[in-house]
Amino acid sequence: MYRTDMYEGWLAETVMMTGANGDVINAYLARPLGKGPFPAMVLAHHMPGWDQWYRETTLKFAHHGYITISPNLYFRSGHGAPEDVAAKVRADNGIPDDQAVGDLAGAMKYMCDLPYSNGKVGIFGTCSGGRHSYLAACRVPGFDAIVDCWGGRVVMTPDQLTKNFPVSPLDYTKDLSCPILGLFGNDDSSPTPEQVNQHEAELRKYDKTYEFHRYDGAGHGFFYYHVPAYRQAQAVDGWQKVFAFLEKYLQG
Amino acid sequence: MCTMIVEKVKVDGSGKGTSGWFKLEQANISYDHPFNAPLEHALNIDFVNESQGLGARVAVELSEQAARDLVRTILAVLDQAEKGGHLESQH
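Please read these numbers as outputs of a predicted model, since none were measured by experiment. (Residues numbered from 1 in each chain as written. Chains lettered and ligands numbered in written order. Predicted model: local features only at pLDDT ≥ 70, side-chain atom pairs only at ≥ 80, totals over all residues.)

### Overview of the overall build of chain A
Consideration 1: Assigned secondary structure in chain A consists of six helices and eight strands.
Consideration 2: What you see in chain A, going N to C, is helices and strands ordered as β-β-β-α-β-α-α-β-α-β-β-α-β-α.
Consideration 3: The C-alpha atoms of chain A give 17 Å as radius of gyration, which agrees with the globular expectation for 252 residues (18 Å, within 12%).
Consideration 4: Seen along its three principal axes, the alpha-carbon backbone of chain A occupies a region of about 55 × 40 × 35 Å. (Helix = DSSP H or I, 4+ residues; strand = E, 2+ residues; numbered from the N terminus. Rg over C-alpha atoms; globule rule 2.2 N^0.38 Å.)

Put into structure tokens, the structure is as follows:
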């Protein structure tokens, strides 16, 4: 709990880290000052790219006491304005799932190696980042908690599978190795409420620890304060649930 | 990438981007999240020339209705030009 007579400080900077296939990519790292030990978070950015919202959200998690890293999952697609890079990725049918998972695994290792880490690492993502987070939490041992915010295409039909997306994330559910918090808008078209139901049923089938919250009056991206999709009451409640969940599984 | 609906087409012409005019090579057309239009999904057209870098891009993000109206209008204008014998291909 913050008190007005407390000292606070953070450090945020661009760092280089090792991602999929040993590739060196850049990432945004923010951490509270001090010896720690602090819990860590890996952020998987959304389809619109490694953009301002994700950089600001990296700072937000650090503000709440987490060493936080947001790897540039579009690093290999070139550099320029985040929107221009994301537009190229969009035209190229996204990035390969294996590559994203490898980059997120590298980010987790980077965090675990920091001397001021408490050894616990969570992962958070929205939109395609929610999907990538789920894939990573299922396929990479070592995450202690996952927050999936409206991850689209976690439930995929066979005709949606491609070279970049060869397996529906839902099919990895049995391998999920940590508790999951899911936040969804009932007006979303990706994922639809029915797809969220399917996801929940799969988690229940494998006896996973999960918390799903579904919000009326909200669609896709209701945390995004820079677009009309923002829903103030739902976003405030959602963030409270995010930090309560992470405190439960990553602190101490 | 929430819909992954995208098509590419080679185009011939010029576009004016943030650094001025450049030769267009391709149009990438998607129905997915826009960057700026106040819509969950939009018909996005990126006119690009990747050989000149990722910034060589002219972007438009249209509502479904706007996109359909635009397509109809383009075809109507081309029909008028054809009837008047103005098309480059008619010369």
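### Some remarks on the interface of chain A and chain B
Consideration 1: In this complex, chain A contributes 24 residues to the contact, which on the side of chain B involves 19 residues.
Consideration 2: Counting residues per element, the side of chain A that touches chain B draws most heavily on helix 2 (residues 82-91) of chain A, which supplies seven residues. (Contact = placed C-beta atoms within 7 Å.)

### As for the environment of R214 of chain A
Residues and elements named next belong to chain A.
Consideration 1: Tracing the sequence through the fold places R214 in strand 8 (residues 210-215).
Consideration 2: Here the alpha-carbon distance between R214 and W150, two residues 64 residues apart in the chain, equals 9.6 Å.
Consideration 3: When near neighbours in sequence (up to four residues on either side) are disregarded, R214 contacts F184, N186, P193 and V196.

### Notes on the sheet that holds strand 4 (residues 57-62) of chain B
All names here are of chain B.
Consideration 1: With antiparallel pairing, the four strands of this open sheet are ordered in space as 1-2-3-4. Single-partner strands in this sheet number two, and they are strand 1 (5-17) and strand 4. In this sheet, neighbouring strand axes are inclined to one another by 20° on average, regardless of whether the strands run parallel or antiparallel.
Consideration 2: Examined bridge by bridge, strand 3 (residues 42-48) and strand 4 share six bridges and lie antiparallel to one another. In the sheet register, V48 faces strand 4, and the bridge partner there is R57. (Pairing = 2+ DSSP bridges. Axes fitted to C-alpha atoms, helices over the stretch in contact; angles between N-to-C directions.)

### Re the confidence of the model for chain B
Consideration 1: Across chain B, the average pLDDT comes to 95, with 99% of residues at or above 70.
Consideration 2: Predicted complex, confidence summary: ipTM 0.89, pTM 0.94. (pLDDT = per-residue confidence, 0-100.)

### Considerations on the sheet that holds strand 4 (residues 67-71) of chain A
Pairing between sheet strands relies on hydrogen bonds along the backbone, with the strands arranged either parallel or antiparallel.
All names here are of chain A.
Consideration 1: Spatially, 1-2-4-3-5-6-7-8 is the arrangement adopted by the eight strands of the open sheet, whose pairing is mixed. Single-partner strands in this sheet number two, and they are strand 1 (10-18) and strand 8. Sheet twist, expressed as the average angle between the axes of neighbouring strands with direction ignored, equals 20°.
Consideration 2: The pairing of strand 3 (residues 38-44) with strand 4 spans three bridges and is classified as parallel. Across the sheet, the residue bridging to M41 is T68, located in strand 4.
Consideration 3: The sheet contacts of helix 5 (residues 193-205) involve strand 7 (180-185) and strand 8, and relative to strand 8 the element is tilted by about 165°.

### Points about the pairing of strand 3 of chain B
Residue and element names in this part refer to chain B.
Consideration 1: In terms of burial, strand 3 is a largely internal element, six of the seven residues being buried.
Consideration 2: The pairing of strand 2 (residues 20-32) with strand 3 spans seven bridges and is classified as antiparallel. Bridging from a neighbouring strand, I29 pairs with I45 of strand 3. (Buried ≥ 20, exposed ≤ 12 C-beta atoms within 10 Å, placed from the backbone.)

### What about helix 4 (residues 128-139) of chain A?
Residues and elements named next belong to chain A.
Consideration 1: Relative to the 16 Å expected for 12 residues at 1.5 Å per residue, helix 4 spans 16 Å between its end C-alpha atoms, a close match to the ideal helical length.
Consideration 2: Where helix 4 is concerned, the buried positions are S128, G129, G130, R131, H132, S133, Y134, L135, A136, A137 and C138.
Consideration 3: In this structure, the buried residues of helix 4 make contact with strand 3, helix 3 (97-112), strand 5 (117-126), strand 6 (145-149) and strand 7. (Expected span 1.5 Å × (residues − 1).)

### Remarks on the packing of helix 3 of chain A against helix 4 of chain A
All names here are of chain A.
Consideration 1: Helix 4 packs onto helix 3 with a crossing angle of 70° between their chain directions and a minimal axis gap of 9 Å. Considering the angle they form, helix 3 stands roughly perpendicular to helix 4. Between helix 3 and helix 4 the crossing geometry is right-handed. Contact residues: helix 3 offers D97, A100, V101, L104 and A105, while helix 4 offers H132, L135, A136 and R139.
Consideration 2: Partitioning the contact of helix 3 with helix 4 into residue classes produces six nonpolar, one polar and two charged. (Parallel < 35°, antiparallel > 145°, perpendicular 65-115°, else oblique. Left-handed = near helix turned anticlockwise from the far one by under 90°. Nonpolar A, V, L, I, M, F, W, Y, C, P; charged D, E, K, R; others polar.)

### Here's the deal with the nonpolar core
Consideration 1: Grouped together as the largest cluster of nonpolar side chains are 72 residues, with contacts concentrated most on V42, L104 and A137 of chain A.
Consideration 2: Those residues in contact with V42 of chain A, other than ones at most four positions away along the chain, are I69, L104, A107, M108, M111, V121 and I123 of chain A. (Core = buried A, V, L, I, M, F, W, Y, C linked by C-beta atoms within 7 Å.)

### Structural notes on the pairing of strand 4 of chain A
Residues and elements named next belong to chain A.
Consideration 1: The buried count for strand 4 comes to five of five residues, which makes it a mostly enclosed element.
Consideration 2: Side chains I67, I69 and P71 of strand 4 all project onto a buried face; the interleaved residues T68 and S70 project onto the opposite face, where all are buried too.
Consideration 3: Here four bridges tie strand 2 (residues 24-32) to strand 4, and the two strands are oriented antiparallel to one another. Residue pairing for strand 4: A30 is matched across the bridge by T68.

### Points about helix 2 of chain A
Consideration 1: Counting buried residues along helix 2 of chain A, 10 of its 10 residues qualify, which places the element largely inside the surrounding structure.
Consideration 2: Of the surrounding elements, those touching the buried residues of helix 2 of chain A are strand 1, strand 2, strand 3 and strand 4 of chain B.
Consideration 3: N93 of chain A sits one or two positions beyond helix 2 of chain A and adopts a positive phi of about 65°.

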